[in-house]
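Understanding the architecture of this molecule
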Amino acid sequence: PGPPAPPLGCALGTEYRSRSVRVAPGDRLVLYTDGVVERRDEPIDRRVRELRRLVSGLGPLEPGRLCTAVMEWSSAHAADDRAVLVAGF
């Protein structure tokens, strides 16, 4: 909860709050760069929602396969660099 902080490394002097989240077996943490979701002709909020639906709908994939699926999903019209990191629990 609460407003998001600026991306890491973008704003010098920014103070970041620590947050804790409980994870359960089967949960996944998906970290990605802006190039995965940003498109010039689409609102970023919509793309983030679409990414959430994609990841939720894929079921229990091993992290490497989930990274591949996200990169393939984001490859259409990608104009920026893209990186994805997935941690499975």
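Before reading on, note that the structure itself is shown above.
The text that follows walks through the structure, step by step, so that each part is easy to find. Just so we're clear, the structure is a prediction, and the values are computed from it rather than from any experiment.

1. Describing the side chain of R47
Structurally, R47 can be placed in helix 2 (residues 44-57). Classification of R47 as buried rests on a relative accessible area of 6%. Dropping the residues within four chain positions of it, R47 is found in contact with V36, V37, R39, E42, W73 and S74.

2. Section: the side chain of S74
You can see S74 is positioned in helix 3 (residues 63-74). Among the polar contacts made by the side chain of S74, one reaches the main-chain carbonyl oxygen of M71 at a distance of 3.2 Å. There is a polar contact of 2.8 Å between the side chain of S74 and the side chain of R82. If near-sequence neighbours (up to four positions away) are discounted, S74 is found in contact with V36, R39, R47 and R82.

3. Details of the layout of surface pockets
Approximately 1,300 Å³ is the volume attributed to the largest pocket. Forming the walls of the largest pocket are 30 residues, and the residues nearest its centre are R19, L29, V30, L31 and Y32. Of all the secondary structure elements, the ones that give two or more residues to the lining of the largest pocket are strand 1 (28-32), helix 1 (34-37) and helix 2. Split into classes, the residues belonging to the lining of the largest pocket amount to 20 nonpolar, three polar and seven charged.

4. Here's the deal with helix 3
For helix 3, spanning twelve residues, the distance from its first C-alpha to its last is 16 Å, which sits close to the expected 16 Å at 1.5 Å a residue. Among the residues making up helix 3, those that are buried are L66, C67, A69, V70 and S74. Viewed along the axis of helix 3, the buried residues span an arc of 165 degrees, placing them on a single side of the element. Counted as exposed and oriented over 90 degrees from the buried face of helix 3: R65 and E72. Packed against the buried residues of helix 3 are strand 1, helix 1, helix 2 and strand 2 (84-88).

Reading the values: rules and limits
- Numbering of residues starts from 1 in every chain and runs along the sequence as written.
- Reporting of local features is limited, given that this is a predicted model, to residues whose pLDDT is at least 70; pairs of side-chain atoms are given and counted only at 80 or more, and all residues count toward the totals for whole chains, interfaces and linings.
- Side-chain descriptors were evaluated using all non-hydrogen atoms of the structure, hydrogens and water having been removed beforehand.
- Put simply, DSSP marks the helices as runs of H or I at least four residues long and the strands as runs of E at least two long, and each gets a number from the N terminus on.
- Only protein chains enter the area calculation, which uses a 1.4 Å probe; residues under 20% of their type maximum are buried, those over 50% are exposed, and those in between are partly exposed.
- Note on contacts: a residue pair qualifies if any of its non-hydrogen atoms lie within 4.5 Å across the two residues.
- Contacts described as polar in this section are N or O atom pairs within 3.5 Å, which, within protein, must combine one atom able to donate a hydrogen with one able to accept it, while residues neighboring in sequence count only if both atoms come from side chains.
- Cavities and pockets are defined on a 1 Å grid built over the protein atoms alone: a cavity is a set of grid points where a 1.4 Å probe fits but cannot escape, while a pocket is an open set with protein on both sides within 12 Å along at least five of seven lines, and lining residues are those with an atom within 4 Å of any such point.
- Grid points are joined across faces, edges and corners, and a volume is the space filled by probe spheres set on the points.
- In this classification, the charged set is Asp, Glu, Lys and Arg, the nonpolar set is Ala, Val, Leu, Ile, Met, Phe, Trp, Tyr, Cys and Pro, and all remaining amino acids, among them Gly, are polar.
- Helix span, expected: 1.5 Å multiplied by one less than the number of residues in the helix.
- Working definition: the arc comes from the directions between the helix axis and the C-beta atoms, pointing outward to the latter.

Nothing here speaks to function; it is geometry throughout.
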